[in-house]
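Below are the chains, spelled out letter by letter.
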Amino acid sequence: MAAEAISRALRDGALEGEHAPALTIKDSIHAPLGAFVFDHILAQLSSNISSSKSQAQLRIVDCYTDPLGWKIQLAESGIVSNRSTQNATTASLCKNVRDLDMLFSSIVELGKEVIRETKGRFAVAIDSVSEILRHASISSAASLLSNLRSHDQVACLFWLFHSDLHEMKASSALEYISSMVACVEPISNTANGKGMNSENVPLIEQNLGRGKFSVRFKRRNGRIRLMSEELHTEQMGINFVPAFEGHVTSQSLVPKVQFNLQLSEKERNDRAKVVLPFEHQGDGKPIQIYDGRRSVSESKTENKETNAEKMHVNEDSGRGEIIYIRDSDDEMPDSDEDPDDDLISDSTIFFLTVGILELLTN
Amino acid sequence: MMSSNSANNLLDEALGFNDDGGGGGGGLLLLIEDRVETSGAFILHHLIKRRLSSPNRPNDVVVFLSFAHPFSHYDRILRKMGCNLGVQKENKRFVYYDMLNLNYPDGEKGAEDLLLSVYGKIQKTVELCSSREGYKNSTIMIDDISLMEVALCGSSNLVLDFLHYCYSLATQFDCLVIILNHEDVYSTMDVPSPLLQMEYLANIVIKAEPLATGLATDVHGQLTVLNKGICQGSGCSKGKIRNFHFRVKENCVEYFYPGSRT
């Protein structure tokens, strides 16, 4: 399932020599369920960390209560009381969300302070990047995310983003930084822009409770993997179910054209049976294909190369021959499960709230 | 068919208002979108009356920021609806800020300082009310956002900052924020409009639109109430949409489902 794959990737964290995995959760006003997905991912990550040996910790950088320092200014001048900037959560107050350099420093300092005992890493969650982009340019926001992602003590990073609030270049910039992009789309296509009527009301209402959930994973080897399913909102959160076709769709990036680029099962079998021209010896003897994986009993030459064609002297023939050694079999699509999937990293969640301050209860 | 003078009409039901005129508080932002053909001002007037007329909520306060009309305009309309705004104003239950006649400074910094000052007054008022015995909810109303943007030299970002702070006040002091904006003002924008930002921020969106069939004598338009639902500790309520027609009369408004009018 797509949602589980995301949770696994975030849980596993950054591998040695790699940047931290980064997830963009993208939605729009016609499928406004991104916040539910964000909460779900945050809860899953908290749960994964709790179940490992390290102690789960949640810290909040509160950029919601007083993002521009208005309340502090009013309190200092005695116009209002000071209590509006106090809150009961474990939160560090940000008073100038426009200064992203200071914000980055605050996140890193607080993160280091928290993991000092455990010597682990911390995760960062941002709700939401759309709010940051109201106060800063896309280049500054992208720089903040990129710096967090490349910081050696950040285990993973994810953020919420409303795609229809920004130009295409902002959306593209964030997707380039991400290793995973989760997109929430409407389950029903409504007649947008054509005015309201009693026919499209049920469809719009349906989109408030259900959505298509498509995830694009960028693997380390450059391969792209797509997964999609449906999400349903329920009283206690959201639930992910296979798409209506009855199975999880996992597909490669094949362009949609009028001719078939895929292989059927029969075509795949026939291809496997094809003997390549230089694989048979053509000397009247039964055809033997040496594929490099089994020991060659007639070989008189030591084979120390692992990945090349080489000349091989056949004791029965004075003619030159080419013995083709396959490098490897064709890798089947979608068979490359990440061998490091079972890694568990100790980490702390570091939660940056810009939109809505939410309290997580145990 | 229900009129706005009955205990609870279709609009109140869609908003989740109680029979005693309360409800609809608890840190919510309500956005009213209207058009030139269908003014949404009647919704604002209806909500003013609801918030001030409940006998069970004697200490609730309405803070009203007016960019569109003078006080006398609202006083005249609400009198016809049976609500004396003058008395409410004297009793400090209706706090009216005349934003039309303020001296707006040039430049964004000056405008931000002015907004900071206005916000400070609102926060002080709400804090005072919340400390009184029997306090339930306060209401902050703005009429209207597009004129506020004009007053701030077109800075929609400042408007959104101000709304953000009002919303944070609402979540802290259990208030209801009600704003009116005009959808067709932003319809020709190529870039994402600030109206969309407000739709994301709002918990309830009411759209006043003309009928798809055009003008009619007996039906003045249709209302669509999108209630996104709320999330609390016990869980989340699902989003709902209601669509019904309305007819504005002299002293009240009638709400009815399509085809139900006799």
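Residues take numbers from 1 onward in each chain, read along the sequence in its written order. Each chain is given a letter, starting from A, and each ligand a number, starting from 1, according to the order in which they appear as written. Note on the predicted model: pLDDT of at least 70 is required for a residue's local features to be given, and 80 or more for side-chain atom pairs to be given and counted; whole-chain, interface and lining totals, by contrast, use all residues. Side-chain calculation: all heavy atoms of the structure are included, whereas hydrogens and water are not.

Peer 1: How should I be thinking about the overall build of chain B in this particular structure?
Peer 2: To qualify as a helix, a DSSP run of H or I must reach at least 4 residues; to qualify as a strand, a run of E must reach at least 2; elements of each kind are numbered from the N terminus. When you go through chain B residue by residue, the secondary structure sums to eight helices and 12 strands. The proportion of buried residues among the 262 residues of chain B is 56%. Look at the contacts in chain B between residues 6 or more apart in sequence, and 70% of them connect residues 24 or more apart. Calculation of accessible area relied on Shrake-Rupley with a 1.4 Å probe; when residues are assessed, cover is drawn exclusively from the protein chains displayed. Per element, the accessible surface of chain B, about 10700 Å² overall, is 51% carbon and sulfur. Using a 1.4 Å probe on the protein chains alone, a residue whose accessible area is under 20% of its type maximum counts as buried, one over 50% counts as exposed, and one in between counts as partly exposed. Contacts are assigned to residue pairs with any non-hydrogen atoms lying within 4.5 Å of each other.

Peer 1: Would you mind showing me how to read the pairing of strand S2 (residues 28-34) of chain B here?
Peer 2: Along any regular strand, the residues point their side chains to alternate faces of the sheet. All names here are of chain B. Here S2 lies mainly inside the structure; seven of its seven residues are buried. The alternating pattern of S2 places Leu 28, Leu 30, Ile 32 and Asp 34 on one face and Leu 29, Leu 31 and Glu 33 on the opposite face, and all of these are buried. For two strands to be treated as a pair, DSSP must find at least two bridges joining them. Relative to strand S6 (residues 176-182), S2 runs parallel, the two sharing seven bridges. The residue of S6 that forms the bridge with Ile 32 is Leu 180. In the sheet, S2 pairs with strand S7 (residues 204-209) via four bridges, with the strands oriented parallel.

Peer 1: What's the story with the packing of aromatic side chains in this structure? I'm lost.
Peer 2: The description of an aromatic ring pair uses the distance of the two centres, along with the angle that the planes make with each other. Aromatic contacts are taken between Phe, Tyr and Trp rings whose centres are within 6.5 Å, Trp giving its six-membered ring; a plane angle under 30 degrees counts as stacked, one over 60 as edge-to-face, and the others as tilted. This model, assessed by the stated rule, comprises 15 aromatic pairs over all chains. Measuring from centroid to centroid gives 4.6 Å for Trp70(A) and Tyr165(B), while their planes differ by 15 degrees, and the two rings are stacked. Within this pair, whereas Trp70(A) is found in helix H3 (residues 70-76), its partner Tyr165(B) is found in helix H7 (residues 156-173), the two belonging to separate chains. For the pair Trp70(A) and Tyr165(B), a shared accessibility class is recorded, and that class is buried. Judged by centre distance (4.7 Å) and plane angle (65 degrees), the rings of Phe64(B) and Tyr74(B) are edge-to-face. Here Phe64(B), found in strand S3 (residues 61-66), pairs with Tyr74(B), found in helix H3 (residues 71-80); they are 10 residues apart in sequence, far enough to count as distant. A relative accessible area of 0% places Phe64(B) in the buried class. Tyr74(B) gets classed as buried once you look at its relative accessible area, which sits at 0%. Members of the aromatic cluster, connected to one another through ring pairs, are Phe64(B), Phe71(B), Tyr74(B), Phe94(B) and Tyr96(B).

Peer 1: Please clarify how the nonpolar core should be interpreted in this entry.
Peer 2: Inside soluble globular proteins, nonpolar side chains tend to come together where they are buried. All names here are of chain B. Throughout this description, the term nonpolar core refers to a set of buried Ala, Val, Leu, Ile, Met, Phe, Trp, Tyr and Cys residues connected via side-chain atoms within 4.5 Å. The biggest cluster of nonpolar side chains holds 48 residues, and the ones touching the most others in it are Leu 65, Ile 122, Ile 142, Ile 145, Met 148, Phe 162 and Ile 179. Sort the elements by how many residues they give to this core and H7 lands first, with 11 residues. The residues touching Met 148, leaving out its near neighbours within four places in the chain, are Phe 67, Leu 115, Ile 142, Val 159 and Phe 162. Judged by nonpolar contacts, the second largest core, of 37 residues, contains Phe 17, Met 141, Leu 176 and Ala 208.

Peer 1: Looking at this model, I keep getting lost on helix H8 (residues 194-201) of chain B. Mind explaining?
Peer 2: It helps to recall that an α-helix has 3.6 residues per turn; residues three or four apart then point in one direction. For H8(B), the buried fraction is high: seven of the eight residues fall into the buried class. Of all the positions in H8(B), only Pro194(B), Leu195(B), Leu196(B), Gln197(B), Met198(B), Glu199(B) and Tyr200(B) are classed as buried.

Peer 1: Can you help me understand the interface of chain B and chain A in this one?
Peer 2: Where interface size is given, it is often the accessible area lost as the parts come together that is meant. Listed as interface residues are 39 residues of chain B and, on the opposing side, 44 residues of chain A. Two parts placed together each lose some accessible area under a 1.4 Å probe, and adding up what both lose gives the buried area. Across the interface of chain B and chain A, roughly 3700 Å² is buried in total on both sides, 60% from carbon and sulfur atoms. Salt bridges, as used here, are contacts in which a Lys or Arg side-chain nitrogen is within 4 Å of a carboxyl oxygen on Asp or Glu. Summed over the shared surface of chain B and chain A, the number is three salt bridges. Here Asp161(B) ties to Arg134(A) by a salt bridge, and the two come within 2.9 Å at their closest N and O atoms. In the analysis that follows, any N or O atom pair within 3.5 Å is treated as a polar contact, provided that within protein one partner can donate a hydrogen and the other can accept it, and provided that, for residues neighboring in sequence, both atoms belong to side chains. Inspection of the region where chain B meets chain A yields 13 residue pairs in polar contact (both at pLDDT 80 or more). At the level of elements, helix H5 (108-130), H7, H8, strand S8 (221-227), strand S10 (235-236) and strand S11 (240-248) of chain B are the ones that each hand at least two residues to the side of chain B that touches chain A.

Peer 1: What is the right way to read the packing of helix H1 (residues 2-12) of chain A against helix H2 (residues 34-51) of chain A from this model?
Peer 2: Helix-helix packing is described using two parameters, namely the angle between the two axes and the distance between the axes. Residues and elements named next belong to chain A. Helix axes are fitted only over the stretch in contact, all axes being lines through C-alpha atoms; the angle between N-to-C directions runs from 0 to 180 degrees. Where H1 meets H2, the axes come as close as 10 Å, and the angle between the chain directions of the two elements is 50 degrees. When the interaxial angle is binned, H1 and H2 end up oblique. Once H1 is placed against H2, the crossing between them reads as right-handed. Facing Ile 6, Ser 7, Leu 10 and Arg 11 of H1, the residues of H2 in contact are Ile 41, Gln 44, Leu 45 and Asn 48. Split by residue class, the contact of H1 with H2 holds four nonpolar, three polar and one charged. Roughly parallel covers angles under 35 degrees, roughly antiparallel covers those over 145, roughly perpendicular covers 65 to 115, and oblique covers all other angles. Should the near helix be turned anticlockwise from the far one by less than a right angle, the crossing is termed left-handed; should it be turned clockwise, right-handed. Following the grouping adopted for this structure description, the nonpolar residues are Ala, Val, Leu, Ile, Met, Phe, Trp, Tyr, Cys and Pro, the charged ones are Asp, Glu, Lys and Arg, and the polar ones are all others, Gly among them.

Peer 1: For this particular structure, what's the right way to read the environment of Ser128(A)?
Peer 2: Residue and element names in this part refer to chain A. Its place among the elements puts Ser 128 in the loop between strand S4 (121-127) and helix H5 (129-135). Of the residues examined, Ser 128 reaches a relative accessible area of 6% and is grouped as buried. Between the C-alpha atom of Ser 128 and that of Phe 38, which follows or precedes it by 90 residues, the distance is 9.6 Å.

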